[in-house]
Amino acid sequence: MIDANEIAGALKLPCLSSGRMQEALELWESMYRDEADWVKQRIRSLKLPSIVAKELKRLTLKELNASVSDAELDAAFQKFLPLLRRQLDHGLAMGGLLLKPYWTQTGIHVDLVPQNQYLPISFTDDTCDAAACPETMTIGSTSYTRVEIHTYDRVKQTHMIENRCFRSDNPAFLGRECSLQEVPAWAGMLPKKVFHNVKQPLFSVFQVPDANSIDPDSPLGVSVFADAVPFIRDADQQWERILWELESSERAIDASEDFFRFNPDTKKPELPHGRERMYRVFNTNPNKNDQIFSTFSPEIRDVSCFNAFNQMLRRIESASGLAYGTLSEVNDTDKTAEEIKASKQRSYDRVHDIQENLRAAVEGAVYGMQYLRDYYENRRGGECTLTCTFGDGILEDTDKEFARRMQMVTAGLLSKEELLKWYFSCDAGTAQAMMPKSDALFGGGTPDADTLRV
């Protein structure tokens, strides 16, 4: 990818991504792609960065239920949700995700751009007001880069989109500015477009809800496994040690070459077919009383190796905000009930914070979707609202919680409406409308004959 400083310099814009943050983004990307610098020769990647990001994505979206009040816009929104489910783990690994709605003849769509693939330009109260998104296309031996610049003016309430194109013979460099007409796919794009009466940016940014310990002055987010990087490296290296311990401890037989049948063609002893790894040949002097063969069968030190590996996994879980047992093996006899509950609570708090940031980002994207739809289709509809619930099954078992609340309703300690509000995540009016005419469901009496008649 083209260096962020080069793009900022060509556009004469400030670069909010410091050198340390760019190095961190490159490290997180390489780890997510299993291309970390310590993954070489015998050391293989355990894919822990990807596993951590996918597990947090799963916990975040496992009970997601979201819809938009505008029926037509909701149809486009429901097509966006699978894309969010597919790409959120990449955003979590990179520390953030840009949600960028756009309109085409086929309707409204949303682009999802990981934090390492766009350039933030300005922030106001931790809200991104301007960003640049580069896109590269190669035609023959020439590399073209289109930089889409979004700038929101809070005072004028305008949102401007600029498209600038650059041409280079080396894809690693931006090159010189050229016309959009040189690329057929971009020929129909306007160099500049200004939208008026915009209440907020037509894009939104989701960030991992953690303080930036890499660069405290940077407004950018950090990866969900940023604090676990050294432990992930240790785990990859320890796994190689475990494999080497198992391989080096394989049973073998050291035998004299006189013990095997000699092959006149290869001039070498013939080892038993399928057991070549078991036998190792050595030369012997027939004039001496040498041992004809010996068995090599050392003791495997697997227990200590796996215990150390398990402790490394627990460090990764703790640093990433996951409960013990997500990656490691948990021995319940070594942990009290309170310690296990605290571990699950840590995971719950972590996921809850991610969900709240994601909710705000999705609300911002829905505003951009509606504004662009209404603008290009010449509509003047009222402002639509987003209904978004994530559930609470991360910490508690939903079935068990329902049974407990049902008992409270039967004992008169909880109203029926409150039970319905909790179970269906709805408001009081909706819960009241859902109430059955008969109280038989809640043990309030036996329905009359008219109720039972079909």
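In case you missed it, the structure is sitting above this.
What counts, and at which threshold
- Residues numbered from 1 in each chain as written.
- Predicted model: local features only at pLDDT ≥ 70, side-chain atom pairs only at ≥ 80, totals over all residues.
- Heavy atoms only, no water.
- Helix = DSSP H or I, 4+ residues; strand = E, 2+ residues; numbered from the N terminus.
- Expected span 1.5 Å × (residues − 1).
- Axes fitted to C-alpha atoms, helices over the stretch in contact; angles between N-to-C directions.
- Parallel < 35°, antiparallel > 145°, perpendicular 65-115°, else oblique.
- Left-handed = near helix turned anticlockwise from the far one by under 90°.
- Contact = heavy atoms within 4.5 Å.
- Nonpolar A, V, L, I, M, F, W, Y, C, P; charged D, E, K, R; others polar.

Participant: Account for helix α6 (residues 302–320), naming residues and giving values.
Facilitator: Between its first and last C-alpha atoms α6 spans 27 Å; for 19 residues at 1.5 Å apiece the expected length is 27 Å, and the two agree. G321, located one to two residues past α6, shows a positive phi value of around 80 degrees.

Participant: Hey, could you go over the packing of helix α3 (residues 48–61) against helix α4 (residues 71–94) for me, with residue numbers and the actual values?
Facilitator: In contact at an axis separation of 8 Å, α3 and α4 are set at 130 degrees when each is read in the N-to-C sense. By the angle between their axes, α3 is oblique relative to α4. Classified by chirality, the crossing of α4 by α3 is right-handed. Only L84, R85, R86, L88, D89, L92 and A93 of α4 make contact with α3, whose side of the interface consists of A53, K54, L56, K57, T60 and L61. A per-class count over the contact of α3 with α4 returns seven nonpolar, one polar and five charged.

Participant: Quick rundown of the packing of α3 against α6? Include the residues and the values.
Facilitator: One way to put it is that α3 packs onto α6 with a least axis distance of 12 Å and a crossing angle of 45 degrees. Relative to α6, the element α3 lies oblique. Note that α3 runs across α6; the crossing there is right-handed. Judged by residue contacts, L48, V52 and L56 of α3 engage L313, I316 and S320 from α6. Split into classes, the residues belonging to the contact of α3 with α6 amount to five nonpolar, one polar and no charged.

Such coordinate-based values are descriptive only and should not be taken to indicate function.
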